[in-house]
Amino acid sequence: MVKIIKAKDYNEMSRKAANIISAQVIMKPDCVLGLATGSSPLGTYAQLIDWYNKGDIDFSQTKSVNLDEYRGLSHDNDQSYYYFMHENFFKHINIDLANTHVPNGTETDAAKACAAHEAVIQELGGIDLQLLGLGNNGHIGFNEPGEAFEKETHCVDLAESTIQANSRFFEKIEDVPTQAYTMGIKSIMMAKKILIIVSGEAKADAVNKAFFGPVVPQVPASILQMHPDVTLVADEAALSKCPL
Ligand code: F6R
């Protein structure tokens, strides 16, 4: 059963999501957070930073693993997810950088990079709370429609629609990497708790299919219906096509 929390708008969604993450860190200071990039979690990270600055939350013992990274982008490329995490979250809080783990996009040996990321997750004892965004096409991480549900961290070719969607962050579409390393559906489903945040009307179809449609690989997020502890925090626009 997916627990659905309705928010008025993006800001309220972000606050509610930050509340859940903050509760996790307070209850278990040395927890392992699974983190995401993209537009969806920016407000959540900003809220957590604000609470950190007010002294309400302490990340000194917290560990993190990230969902995905473009293959071939260097750490100082401002479109790499490594850079994103540092700029938008890590450098503003007291997390120990040695405890943060983004798949290594600079490692061009895909099998090596993916095995190393999966090994980190195992060594940390698994993910306590995994934060996810939802792609317009129903993807989670970079698990595109049609991917097998049972994969761990692996290298993927990005769907044309994802390249299009992500091109807004690059100067020209040719600059968007065509491959990424991503935690697989299996790695995501192994997390003890999952928090998925969705905002905006453009995602309304994807939300409806993912949480009210059949569980099928064509809608990767639909597998979340099978997870025992999933919370969806979405705003009214994102929930507008759901039979609620
Ligand atoms: C990001 C990720 C992606 C995004 C998704 C939504 O680490 O894994 O699955 O969560 O593409 O992106 P935004 O939030 O930019 O709409």
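That block above? That's the structure.
Not measured: the values here are computed from a predicted model.

(A) Region of interest: the packing of aromatic side chains. For the structure on display, the rule yields seven aromatic pairs. Arranged with centres 5.8 Å apart and planes meeting at 40°, the rings of Tyr 70 and Phe 142 form a pair that is tilted. Within this pair, whereas Tyr 70 is found in strand S4 (residues 68-70), its partner Phe 142 is found in the loop between strand S6 (129-132) and strand S7 (154-157), the two being separated by 72 residues in sequence. The buried category is assigned to Tyr 70, whose relative accessible area is 2%.

(B) Examining the sheet that holds S4 more closely. One open sheet accounts for three strands, arranged S4-S8-S7; its pairing is antiparallel. Looking at strand neighbours, the two that pair on one side only are S4 and S7, the edges of this open sheet. With direction set aside, neighbouring strand axes in the sheet form an average angle of 25°.

(C) A look at the site of the ligand. Contacts to the ligand come from 14 residues, most closely from Ser 40, Asp 68, His 139, Gly 141 and Lys 203. Side-chain polar atom of Thr 37 to an oxygen atom of the ligand: 2.9 Å apart, as the coordinates give it. In the environment of the ligand, an oxygen atom lies 3.2 Å from a nitrogen or oxygen atom belonging to the side chain of Arg 168. Using a 2 Å cut-off from the grid points, one finds that the ligand occupies the largest pocket. For the shell around the ligand, the class distribution of residues is three nonpolar, eight polar and three charged.

Procedures and definitions
Residues numbered from 1 in each chain as written. Predicted model: local features only at pLDDT ≥ 70, side-chain atom pairs only at ≥ 80, totals over all residues. Heavy atoms only, no water. Phe/Tyr/Trp six-rings, centres within 6.5 Å; stacked < 30°, edge-to-face > 60°. Helix = DSSP H or I, 4+ residues; strand = E, 2+ residues; numbered from the N terminus. Buried < 20%, exposed > 50% of the residue type's maximum accessible area, 1.4 Å probe, protein only. Pairing = 2+ DSSP bridges. Axes fitted to C-alpha atoms, helices over the stretch in contact; angles between N-to-C directions. Near = heavy atom within 4 Å. Polar contact = N/O pair within 3.5 Å; in protein donor to acceptor, adjacent residues only side chain to side chain. 1 Å grid on protein atoms, 1.4 Å probe; cavity = no way out; pocket = protein on both sides within 12 Å on 5 of 7 lines; lining within 4 Å. Sits in = over half its atoms within 2 Å of the grid points. Nonpolar A, V, L, I, M, F, W, Y, C, P; charged D, E, K, R; others polar.

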